[in-house]
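Here is how the chains run, residue by residue.
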Amino acid sequence: MSTDKETGSYYTPYELVRFMIKYIKEKGQDFSTVLEPSVGDGRFLSVLLPECQEIDAVELFDKKVRNVRRKYQDPKLKVIKQDFIEYAMTVTKKYSLIIGNPPYINKRVMEKKEIDQAKLLCEKEGLKESIMQNMWLAFVVGAIRLLTMNGSIFFVLPMEFLQVQYAEKLREHLEIKFNTIHIISFSEQIFLDIEQEVCLVYLTNKKKSTPYISYEVYQDANSCIPIFSNQIQKNKPLKKWSNAILSDEEIAILKQMSGQYVKIEEIGESAPGIVTGGNKFFILTEDKVSELRCKEYTLTILQKSSYISENSIIIDENTINNLKEKKRPMYLLNLSKVQEEKIPQKLIQYLNKIKNEKVGNNKLIECYKCANRTPWYGVPIVNKGDIVFFKRYHIVPRVYINRANIHTTDAGYHIRLKEDYDKESLVFCFYNSLTLAQCEFQGRYYGGGVSELVPTEFKKLPIPYYKIDKVDIDMLNQMFQNDAKIENIVSFVNSKTLERDMDKTIVKKLERIRMKLVERRISKINGIKL
């Protein structure tokens, strides 16, 4: 795979280019007027030119334009040196097909002029400028403007497009614009040198067709037949297109069963933990606390989920002692209400030192959190919870009974329960097929298979809550400690929760849904077959 990191270009493997052209030829694609909006080294052109009546290729960089013009001297081809976003807002020509692999450039590293132009493009298409978080997104919006009445878009896009929150409004917009959406992914990694997982998204309009979203998985780009295919018709619009891996029936079951149970937001208050504005500066090891003689000005805090065992559902004194033994940073400076003259001299010297430490391009004291609080080192303390949930996880979410009454950073959410609910019972009940499936359905996943839930999604999770006997809670904790198979843990919890309310055949369907959603994100990374 060839790359040009400065321009966000990861050149498409030739076998993927051939796959794409073959795929849309079989769908009856109109190749009369074609646009390649980010031509790069021109690798799409060699396959497109024999199929097209005419093709325009847009490229921003002089050297690439010269190379493409020299390599492809065909009267059907016109190579245009221009920024594609500018081109999309000014040209009047329309195309039957816009195809390519747009650049992946995060907004954080884009120039202000580029960001402003992309935001303006989004507004012209009737979308809020806030969706503009990456250049590939602007390319999708620009392509919409340049299509003929029944034109099509076929792009290589990051897998995150199917699920990230900032692109949700764009996905909704596309479901209105196109009645046929094809999503294609591959079991094998396509871009071998980067962690970025990609998919193909083919947007078109079929005459007199019932709108649908198709999801297909192929082994690799040389495959001719999908190893998995599915079509969604009834559950549109679909909030996250990555969930098109489920059938209409499976989505309906998930929604119906979820509606029977209380949501997390109804059983108590949930909120993120403490935001320090600089964990490595404000959370200290025990040795550092002793050196600064500041123990009385600290709170015990759990900084990361990786600091504690996955083989437990309990945070207790043993957890804290283990953190001490491993010399983990676990003491949060609690100085927001302490008068400066009462702070130990050694700690004052430490604060004067760290305030000038570089964080990115700024000094610590100039960073947003520190600059907007008085004193700058006064970390706001939020309430602890009965239960701690960590927003990022691997195979199953990590939910803990907070017996140690410990704070966490904002890596964790804290649930403070209403009086009618028992914290140990609720953690037990969490590990059922329905709740865990909804974690997958509502959340998103990243390179490496890590999944995440944001606060709004976490609060909507359904819980089949029952008061659970202590012996069963201890049994569940023992299963985690013994590294029992997840399916055995879930089956045990199901027997005490879901199976009290519904037939076992429905519970089995929910478990198959959970396993399908988990496998979707981790099987490619780890070779795991659930």
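Residues numbered from 1 in each chain as written. Predicted model: local features only at pLDDT ≥ 70, side-chain atom pairs only at ≥ 80, totals over all residues. Heavy atoms only, no water.

Novice: How would you sum up the overall build of the chain? Please name residues and give values.
Specialist: Looking only at helices and strands, one finds 20 helices and 27 strands in the chain. On C-alpha atoms alone, the chain measures out to a radius of gyration of 27 Å, which is about the 24 Å that the 2.2 N^0.38 rule sets for 530 residues. Residues classed as buried in the chain amount to 55% of the 530 residues present. Counting only contacts in the chain whose residues sit at least 6 apart along the sequence, the fraction spanning at least 24 positions is 72%. Taken together, the 81 basic and 68 acidic charged side chains of the chain have centroids lying 2 Å from each other. (Helix = DSSP H or I, 4+ residues; strand = E, 2+ residues; numbered from the N terminus. Rg over C-alpha atoms; globule rule 2.2 N^0.38 Å. Buried < 20%, exposed > 50% of the residue type's maximum accessible area, 1.4 Å probe, protein only. Contact = heavy atoms within 4.5 Å. Lys, Arg positive; Asp, Glu negative; His and termini not counted. Charge placed at Lys NZ, Arg CZ, Asp CG, Glu CD.)

Novice: A description of the sheet that holds strand β11 (residues 228-232) should follow, citing residues and the corresponding values.
Specialist: Pairing between the strands of a sheet comes from backbone hydrogen bonds, and it takes one of two forms, parallel or antiparallel. Taken in spatial order, the nine strands make up an open sheet running β5-β4-β3-β6-β7-β9-β8-β10-β11, and their pairing is mixed. The open sheet is flanked by β5 (77-81) and β11, the only strands paired with a single partner. On average, each strand axis in the sheet is tilted by 15 degrees relative to the strand beside it, whichever way the strands run. Where helix α3 (residues 62-71) meets the sheet, it contacts β4 (54-59) and β5, and its direction lies at approximately 170 degrees from that of β5. (Pairing = 2+ DSSP bridges. Axes fitted to C-alpha atoms, helices over the stretch in contact; angles between N-to-C directions.)

Novice: Summarise the confidence of the model for the chain; cite the residues concerned and give the values.
Specialist: Chain-level pLDDT for the chain is 92 on average; 96% of the residues reach the 70-or-more range. Here residues 525-530 scores under 50 on pLDDT; set against residues more than four positions off or in separate chains, the count is 13 contacts. (pLDDT = per-residue confidence, 0-100.)

Novice: Just give me the short version of helix α15 (residues 423-430), but keep the residues and values in it.
Specialist: Of all eight residues in α15, seven are buried; the element is thus mostly enclosed. Inspection of α15 places E424, S425, L426, V427, F428, C429 and F430 among the buried residues, and these make up the whole buried set.

Novice: Residues and numbers for the packing of helix α6 (residues 135-145) against helix α7 (residues 168-177), please.
Specialist: Axis separation between α6 and α7 bottoms out at 12 Å; the angle between their running directions is 20 degrees. Judged by the inter-axis angle, α6 sits roughly parallel to α7. Crossing angle aside, the handedness with which α6 passes α7 is left-handed. Facing L137, V140, V141 and I144 of α6, the residues of α7 in contact are L170, H173, L174 and K177. Residue composition of the contact of α6 with α7, by class: six nonpolar, one polar and one charged. (Parallel < 35°, antiparallel > 145°, perpendicular 65-115°, else oblique. Left-handed = near helix turned anticlockwise from the far one by under 90°. Nonpolar A, V, L, I, M, F, W, Y, C, P; charged D, E, K, R; others polar.)

Novice: A description of unusual backbone geometry should follow, citing residues and the corresponding values.
Specialist: Each neighbour pair has its own omega, and for K236 with P237 the value is -5 degrees, a cis peptide bond. Along the polypeptide, P237 turns up in the loop between β11 and α8 (248-258). Cis peptide bonds are those with omega within 30 degrees of zero, and the linkage from T374 to P375 qualifies with -10 degrees. Relative to the helices and strands, P375 resides in the loop between α14 (368-371) and β20 (387-390). Of note, the phi angle at D483 is positive, near 60 degrees, even though the residue is not glycine. Mapped onto the secondary structure, D483 falls in the loop between α18 (470-481) and α19 (486-496). Assessed through its relative accessible area of 57%, D483 is described here as exposed.

Novice: Can you break down the sheet that holds strand β17 (residues 331-333) residue by residue, with the values?
Specialist: A sheet is described by the order of its strands in space; here four strands give the open sequence β14-β17-β15-β23, paired in mixed fashion. The sheet is open, and its two borders are formed by β14 (283-284) and β23 (407-408), each paired with just one other strand. Two elements, β14 and β17, share two bridges in a ladder whose sense is antiparallel. Each bridged residue has a counterpart across the sheet, and for L284 the counterpart in β17 is Y331.

Novice: Break down α3 for me, citing the residues and quoting the values.
Specialist: Residues spaced three or four apart along an α-helix face the same direction, because each turn holds 3.6 residues. Restricting attention to buried positions, one finds in α3 the residues K64, V65 and V68. Considered in projection along α3, the buried side chains sweep an arc of 100 degrees and stay on one side of the axis. Exposed positions of α3 whose direction lies more than 90 degrees from the buried face are K63 and R70. (Arc of directions from axis to C-beta.)

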